[in-house]
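Okay, here's what each chain looks like letter by letter:
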Amino acid sequence: MYALVDCNNFFVSCERVFQPQLEGRPVVVLSNNDGCVVARSNESKAMGIRMGTPFYQVKHLVEAGRLEVRSSNYILYGDMSDRVMSILADAVPKIEIYSIDEAFLVMDGLDRERIADICRKLVSKVRKWVGIPVSIGVARTKTLAKIASHFAKQYRGYRGVCVIDDDEKRMKALSLTPIGDVWGVGRRNVVKMQEAGVRTAADFVERPEVWVDRHFAIPGVRTWKELQGIVCHEEELPDKRKSICTSRSFADMLTDSGEIEEKVADFAAHCARKLREEGTAAAQVTTFLMTNRFRTDLAQYNPSATVSLDVAASSAQEIISAALKAFRMIYRPGYQYKKAGVIVDGIVDKDAVQGVIFGFDNTARERQDVLSSVMDAVNDSLGLMERSPVRPSGRRRRHSSGTDVIGVASQHLGHFADGIRSEHRSRRYTTEFSEILEIH
């Protein structure tokens, strides 16, 4: 049996833990640069505010006092997620973290008669210890557990826990679940299914396997089987990424090459750090710049350049050097730049990197790798770390908070998020001494 734990309206719930005056109020959380809505409370959903709504379209509601708004505060959200996941990890034999606000609990070895009671105690414990409301769906497969969690969230009668443990409950749940709400069914497939008369999950499982295979191939068959209670999604190790991108829009348009160069160096260092965390290396580094496409009165210029490395690398020095080389190839004065970014691709396992007979000295590369590892260790010990002991990969995850204390000279340490508009950000109550909760 699997239990899917889903934190309800997670970003909004994190804000409410330390700001109880937001309880019962319509609340939205905005994306980077306060651009658009990325999280909503139930009250704001009832007002008709949709995900992705540009902030300027609802700003009048904020000014009228009808809507509360907060800028994204990912440092706080990451730390609160850590606390929730630690409680879950202590309660069950095995946990698979799916996202910042979701985790699968593997309930094998537990008495089935006690699973519902264990889950209800978890709902109560997380709420009491962390302040975050969670819903739990329990079923024989992960796909069914996802569906169960939706019902647990929608209907108060379940008291936060919905268990689908027999065929009668399964078919009733499937008949009430639109096909677009099924985990693993993409938007394009939803259109194809609806055109074929498949409106609900129950309609889908009633189709023969041959039909599913012909129209939706192996992924469709796996979903079809999971909906019937046949396990197809067991523990899934995260796929190695084909590319990593770090980019930011600037609060103000920039023209100074030195200022943009520092940001590009920071972005490149962040990409390199991700490579090292995942045990990979990249063979290509691309830098891109963008002007403001909404300012039609200004000259437009959106260049990019790619630098190929002789040997795939993950050290901060090599990735930053390549990114800055690409930047200098494309930067042109006279333009007002609104965004920049770095992409690393051609990603391979670190252990599979092959050296070259002629070119970069392998001993020098080893020294750079060691230096990058030392920088990571220093930044991890003095910077802000997610302390999750239960990440599937076994590696710790790190917040991109700009809290590094050591780096390459071309970086602007401590200013990773410089230039990002966050006029409505709440305090980082749990991670910053200068912003802890004040009691009067």
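Attention in this report is confined to the structure presented alongside it. This structure is a prediction, so every number in the text was calculated from the model and none was measured.

What follows concerns helix α4 (residues 74-91). The end-to-end C-alpha distance of α4, which contains 18 residues, comes to 26 Å, matching closely the 26 Å that a straight helix rising 1.5 Å per residue would cover. Counting buried positions along α4 yields 13 of 18 residues, so the element is predominantly enclosed.

This part is about the side chain of Asp6. Structurally, Asp6 can be placed in strand β1 (residues 2-7). Exposure remark for Asp6: the relative accessible area of 8% places this residue in the buried category. Of note is the side chain of Asp6, whose polar atom sits 2.8 Å from the side chain of Lys153. Those residues in contact with Asp6, other than ones at most four positions away along the chain, are Asp101, Glu102, Pro133, Val134, Ser135 and Lys153.

Per the stated rule, a full pass over the model turns up 17 aromatic pairs. With centroids separated by 6.1 Å and ring planes inclined at 15 degrees, the aromatic side chains of Phe151 and Tyr155 adopt a geometry described as stacked. Lys125 extends its terminal NZ or CZ atom over the ring of Trp129, reaching a point 4.4 Å from the ring centre. In this structure, Lys142 is placed above the aromatic ring of Phe104, and the distance from its NZ or CZ to the ring centre is 5.1 Å.

Reported here for the second largest pocket is a volume of approximately 710 Å³. In terms of lining residues, the second largest pocket is bounded by 27 residues, among which Asn8, Asn42, Arg127, Pro133 and Lys153 are the most central. Contributing elements (two or more residues each) for the lining of the second largest pocket: α1 (10-18), α2 (42-46), α5 (112-129), β7 (134-139) and α6 (142-154). In terms of residue class, the lining of the second largest pocket is made up of eight nonpolar, ten polar and nine charged.

The next point concerns the nonpolar core. Core analysis: the largest hydrophobic core is formed by 40 residues, its most contacted members being Leu88, Leu105, Ile132, Ile136 and Val138. Sort the elements by how many residues they give to this core and α4 lands first, with eight residues. Judged by nonpolar contacts, the second largest core, of 35 residues, contains Ala268, Ala313, Ala340 and Val342.

Next up on the list: the sheet that holds strand β4 (residues 68-71). Hydrogen bonding along the main chain pairs the strands of a sheet, whether they run parallel or antiparallel. Here we have three strands laid out as an open sheet, ordered β3-β2-β4, and mixed in their pairing. Among the strands making up the open sheet, the edge pair consists of β3 (37-40) and β4. When the angles between neighbouring strand axes are averaged without regard to direction, this sheet yields 30 degrees. Inspection of the sheet shows strand β2 (residues 27-30) paired to β3 by three bridges, in the antiparallel sense. Looking at β3, one finds that Val28 is bridged to Arg40. Across the face of the sheet, α1 comes into contact with β2, β3 and β4 while running at roughly 110 degrees to β2.

The next thing to look at is the pattern of salt bridges. For the structure shown, the criterion picks out 18 salt bridges. In this structure, the salt-bridge partner of Arg16 is Glu43, at a minimum N-O distance of 3.0 Å. Of this pair, Arg16 sits in helix α1 while Glu43 sits in helix α2, and the two are 27 residues apart along the sequence. Residues Asp117 and Lys121 are paired through a salt bridge, measuring 3.5 Å at the closest nitrogen-oxygen approach. With Asp117 and Lys121 both in helix α5 and four residues apart, this pair spans about one turn of that helix. Judged by its relative accessible area of 40%, Asp117 is partly exposed. Residue class for Lys121 comes out exposed when judged on its relative accessible area of 54%. Residues joined by salt bridges that share partners form a network here, namely Arg25, Glu68 and Arg70.

Attention shifts here to unusual backbone geometry. Of note in this structure, Asn9 is not a glycine but carries a positive phi near 45 degrees. By secondary structure assignment, the location of Asn9 is in the loop between β1 and α1. Phi is positive for Arg159, close to 55 degrees, though the residue is something other than glycine. With respect to the secondary-structure elements, Arg159 resides in the loop between α6 and β8 (161-163).

Here the focus is the sheet that holds β1. Spatially, five strands are ordered β5-β6-β1-β7-β8 in an open sheet, and the strand pairing comes out mixed. The outermost strands of the open sheet, each flanked by one partner alone, are β5 (94-99) and β8. Geometrically, the sheet is characterised by an average inter-axis angle of 20 degrees between neighbouring strands, direction not taken into account. Sitting on the sheet, α6 touches β1, β5, β6 (102-106), β7 and β8, and the angle it makes with β7 is about 140 degrees.

Considering the arrangement of structural elements, one finds Ser72 in the loop between β4 and α4. Judged by its relative accessible area of 10%, Ser72 falls in the buried class. Not counting chain neighbours up to four residues away, the residues in contact with Ser72 comprise Val29, Leu30, Ser31, Asn32, Tyr77 and Arg425.

With that settled, consider helix α12 (residues 316-330). Here α12 contains 15 residues, and its C-alpha end-to-end distance of 21 Å stays within 8% of the 21 Å for a straight helix at 1.5 Å per residue. Of all 15 residues making up α12, eleven are buried, and the element is well covered by its neighbours. Along α12, the residues classified as buried are Ala316, Gln317, Glu318, Ile319, Ile320, Ala322, Ala323, Leu324, Ala326, Phe327 and Ile330.

With that out of the way, let us pick up the packing of α4 against α5. In contact at an axis separation of 10 Å, α4 and α5 are set at 145 degrees when each is read in the N-to-C sense. Crossing handedness for the pair α4 and α5: right-handed. Facing α4, whose interface residues are Val84, Ile87, Leu88 and Ala91, α5 presents Leu122, Lys125, Val126 and Trp129. Taken together, the residues that form the contact of α4 with α5 break down as seven nonpolar, no polar and one charged.

Reading the values: the criteria
Residues numbered from 1 in each chain as written. Predicted model: local features only at pLDDT ≥ 70, side-chain atom pairs only at ≥ 80, totals over all residues. Heavy atoms only, no water. Helix = DSSP H or I, 4+ residues; strand = E, 2+ residues; numbered from the N terminus. Expected span 1.5 Å × (residues − 1). Buried < 20%, exposed > 50% of the residue type's maximum accessible area, 1.4 Å probe, protein only. Polar contact = N/O pair within 3.5 Å; in protein donor to acceptor, adjacent residues only side chain to side chain. Contact = heavy atoms within 4.5 Å. Phe/Tyr/Trp six-rings, centres within 6.5 Å; stacked < 30°, edge-to-face > 60°. Lys NZ or Arg CZ within 6 Å of the ring centre and 35° of its normal. 1 Å grid on protein atoms, 1.4 Å probe; cavity = no way out; pocket = protein on both sides within 12 Å on 5 of 7 lines; lining within 4 Å. Points joined across faces, edges and corners; volume = space filled by probe spheres on them. Nonpolar A, V, L, I, M, F, W, Y, C, P; charged D, E, K, R; others polar. Core = buried A, V, L, I, M, F, W, Y, C linked by side-chain atoms within 4.5 Å. Pairing = 2+ DSSP bridges. Axes fitted to C-alpha atoms, helices over the stretch in contact; angles between N-to-C directions. Salt bridge = Lys/Arg side-chain N within 4 Å of Asp/Glu carboxyl O. Left-handed = near helix turned anticlockwise from the far one by under 90°.

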